[in-house]
Amino acid sequence: MHRSVEIGARAYRAGVVLCAVAAGAFLLLRREAWPPHEDEALALAIGSDSLGGMLGTVLGERGGAPLHFLVAWTVAHLDGGIGALRLASAVFAVASVPLVAALASRLAERAVGLLAAALAAASWVFLFHGVYGRMYSLFLVTSL
């Protein structure tokens, strides 16, 4: 027998915000804790070229996700390094938490949405990819 759990709109929003804040706190605290990943360095190296040069490399030679390299290009041209690229990744990861909740709530109900947000925000895969300045957090937020 399936029982539905009713969660009010205010409690739902507060829970989703709490999940996003907790994930964001972890990502900020771990942002500089792990060594650079080769994908981060590559994205910044390619991103340091002109916009046309970067797009030519990504679209014509190397391959990759153009939107991710555009983010890396922006970071590189704002004189940011790996820490700034990781911050961008964390922003996309945190932004995906309420989107996960919204999708699951729409497919089922608020309780399921809140549970999905909590599971996503606490998932090691989510946190790992939220820390590293790679493309996966961006893919998550744009796919949601």
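What this report covers is the structure whose coordinates are included nearby. (Residues numbered from 1 in each chain as written. Predicted model: local features only at pLDDT ≥ 70, side-chain atom pairs only at ≥ 80, totals over all residues. Heavy atoms only, no water.)

Per the secondary structure count, the protein chain includes eight helices and zero strands. Seen in sequence order, the protein chain has helices and strands lined up from the N terminus as α-α-α-α-α-α-α-α. Taken along its principal axes, the extent of the C-alpha atoms in the protein chain is 60 × 30 × 25 Å. Taking all 144 residues of the protein chain together, 38% fall into the buried category. When contacts within the protein chain are restricted to residue pairs at least 6 apart in sequence, those whose partners lie at least 24 apart make up 74%. Carbon and sulfur atoms form 66% of the exposed surface of the protein chain, whose accessible area is close to 8000 Å². Here the protein chain holds 10 positive side-chain charges and 9 negative ones, and the gap between their average locations is 15 Å. (Helix = DSSP H or I, 4+ residues; strand = E, 2+ residues; numbered from the N terminus. Buried < 20%, exposed > 50% of the residue type's maximum accessible area, 1.4 Å probe, protein only. Contact = heavy atoms within 4.5 Å. Areas by Shrake-Rupley, 256 points an atom, 1.4 Å probe, with all protein chains shown as cover. Lys, Arg positive; Asp, Glu negative; His and termini not counted. Charge placed at Lys NZ, Arg CZ, Asp CG, Glu CD.)

On to the environment of Leu99, then. Within the secondary structure, Leu99 is located in helix 5 (residues 82-107). By relative accessible area, which is 33% here, Leu99 ends up partly exposed. Along the chain, Leu99 and Ser143 lie 44 residues apart, while their C-alpha atoms are 9.7 Å from each other.

What follows covers the side chain of Ser89. For Ser89, the position within the fold is in helix 5. At 2.8 Å, the side chain of Ser89 forms a polar contact with the backbone oxygen of Tyr132. For Ser89, the side chain forms a polar contact with the side chain of Ser137, separated by 3.3 Å. Contact partners of Ser89, with chain neighbours within four places excluded, come to His129, Gly130, Tyr132, Gly133, Arg134 and Ser137. (Polar contact = N/O pair within 3.5 Å; in protein donor to acceptor, adjacent residues only side chain to side chain.)

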